[in-house]
Amino acid sequence: MRRRRVGRAGGLRRAGWLAVGALWGLPVGVQGGPRADIGGATPALEGRVAEAGVGLTVGEALPVAQEGAAQENAAQDVLPRPGDADRPIVIGSKPFAESFVLGEIFGQLLEARGFHVDRRPGLGSTEITFQALRTGAIDLYPEYTGTGVQAILGESPEGGGPAVYRRVSREFRERWGLRWLPPLGFENTYAIAVRSETAEARELRTLSDLAAVAPDFVAGLTPDFIGRADGLPGLAGAYGLEFGEIRPLVQALKYEAIEAGEVEVIDGYSTDAGIDRLRLVVLKDDRAFFPPYQAAALAGRDLAEARPAALAALAELSGRIEVSAMRRMNAEVEVEGRTVEAVAADFLREIGLVDDGSTAPSGSEDSAYPEAQGPVEYLLTHLDETRDQTLRHLFLVGVSLGLALLLALPLGLALERVTGATAEGVIRGAGLLQTIPSIALLAFMIPLLGIGVTPAIGALFLYSLFPILRNTYTGVRDADPEAVAAGKALGMTPAQILLQIRLPLAAPVLMAGIRTAAVINVGTATLAAFIGAGGLGDPIVAGLALADANRVFAGAVPAAILALFVDLGLAGVERAVTPRGLRPGGEPATERGRSSAPRSSRR
């Protein structure tokens, strides 16, 4: 099975990163605990935990989790039951490095235990990824207890790590049949950080200190943090924070921005490699606002019910990932440029869950690209991947555009024959779809169509309708009235007038709508990567997650070239279907008639 690779971290020019972050405004997942009771993995494992009690430290809980997992492994040999091999376990992740790494660790461990795995990295915000899990589009993804209690349940966290874990474990199972597996052993909470020189100059040590000077600062924050109850709104209520300016930035771009001095404050995560790399000062949460964010695997209903052996295998990770190990793995990916696959494989061998002599998974070798490798060189070394991504991109655009033509063309022709108010109402209704942000429309599709190609085509289809419908209606309605009147005077039927007069005259306007829809679709289809549809958005998503300029280039440039060629191709179709006299620079029909007549007839 082909794996997506996340390559060497790099940096675009700082101003470019800020522009990309502002334009995309993409939400990224929140992370996050040091103490936890163990539950929610499998019935047998939970029984062992119930016997041992709750509120255990990771060190105390680990033997319980391992013993419970060992019992299930012995009973089921940790192998897929008959028929399980027919469907792979689909693992999702959010678009930031740590989620990529954890998802890959889950995948490689399951593969080592005999399961087939399908990876869907970089699915988007918490809302998108959770919807995918709840609807069964994915089976598993790494989540954080603080995110579960506040962002998903919409509740205020009460108590410490064990209490929050018990709360999410119980509520998720009762509401949706989802299972929180035993915590992995580290907490990744929010970290509000400033440069060391800023902290020294303004004497900043705590968030209360920051609140006193916040109006003087520009903050670079993720869209998730800006809008979530456990983010800026709650923090502002607890501390009275009011920044002078707030700039929405994707997770990886914030470190570029604060290094460049474009912002003074960022929201990071406690395991981020960028904090140590830039020697940032993390301000103390002196009012204990942030809840515990314990990292754990969150499993869907089908996986929990049909494949308990998979949960038992994943429970082997309980308490095995310390915060120092997670920070080191993040640094290896984001700073040293190692591949996600290689980092995950090394970690599993390091803790003894995969044999040292086992073969590394495909694509897990370290990146051999030199530090000085530029975007063009990177693109040239990934031509096979770019080819496959381009073909997938063309498929998404072609199918969605074809479906839109099948609906919008006949509908536009039909609307031309009804009253103006009715026609305009229908067209304006289609136009409303254009006002829905692309990533939001993709998210709306998940409960209906799951993730992957189908919802992406559905969203692109909806975006294609308006320009085609509007131009078809307008072009046919406004076709040369004199020519139409002449056709009627000659006794032509309405069908003949439509096919022989209106449509040929409307061809340039109609094709303009199709070309517009096609180019819009090529650009919008890059966002389909956030719901696992593939295409040229894959390297862009990975590049934004890891501040890797080469990957962004490898997706953005081919997408731009593809849009150009699609438009040129449709321009050729437009020229072919447009009457010669209506083509740009074409000879008027009357002049053609004169020039083609015999010389004797022109005397």
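For clarity, every value in this text was computed on a predicted model and none was experimentally measured.

Cut-off values and rules
- Residues numbered from 1 in each chain as written.
- Predicted model: local features only at pLDDT ≥ 70, side-chain atom pairs only at ≥ 80, totals over all residues.
- Heavy atoms only, no water.
- Salt bridge = Lys/Arg side-chain N within 4 Å of Asp/Glu carboxyl O.
- Helix = DSSP H or I, 4+ residues; strand = E, 2+ residues; numbered from the N terminus.
- Core = buried A, V, L, I, M, F, W, Y, C linked by side-chain atoms within 4.5 Å.
- Buried < 20%, exposed > 50% of the residue type's maximum accessible area, 1.4 Å probe, protein only.
- Polar contact = N/O pair within 3.5 Å; in protein donor to acceptor, adjacent residues only side chain to side chain.

Undergrad: An account of the pattern of salt bridges is requested, with residue identities and associated values reported.
TA: Counted by the stated rule, this structure contains 29 salt bridges. We note a salt bridge from R167 to E155, for which the minimum N-O separation is 2.8 Å. Residue R167 is located in helix α7 (residues 161-176), and its partner E155 is located in the loop between α6 (145-152) and α7; the two are separated by 12 residues in the primary sequence. Through salt bridges that share partners, R328, E332, R338, D346, R349 and E350 make up one connected network.

Undergrad: Explain the nonpolar core to me, and be specific about the residues and the numbers.
TA: Counting 70 residues, the largest nonpolar core has L110 and L210 as the members making the most contacts within it. Counting residues per element, this core draws most heavily on helix α4 (residues 97-112), at eight residues. Formed by 69 residues, the second largest nonpolar core is a distinct cluster that contains L133, V168, F172 and A518.

Undergrad: Describe the side chain of R551, and please don't skip the residues or the numbers.
TA: With respect to the helices and strands, R551 occurs in helix α26 (residues 549-577). Look at R551 and you get buried, because its relative accessible area is 5%. Only 3.3 Å separates the side chain of R551 from the side chain of Y378, close enough to count as a polar contact.

Undergrad: Residue-level account of unusual backbone geometry, with values.
TA: Glycine aside, residues mostly have negative phi angles, and peptide bonds mostly take the trans form. Although it is not a glycine, R279 adopts a positive phi angle of roughly 55°. Inspection of the secondary structure assignment puts R279 in the loop between α13 (273-277) and β9 (281-282). Despite not being glycine, A288 has its phi angle at roughly 50°, a positive value. One can find A288 in the loop between β9 and β10 (295-299). Take A288: its relative accessible area is 61%, and that puts it in the exposed class.

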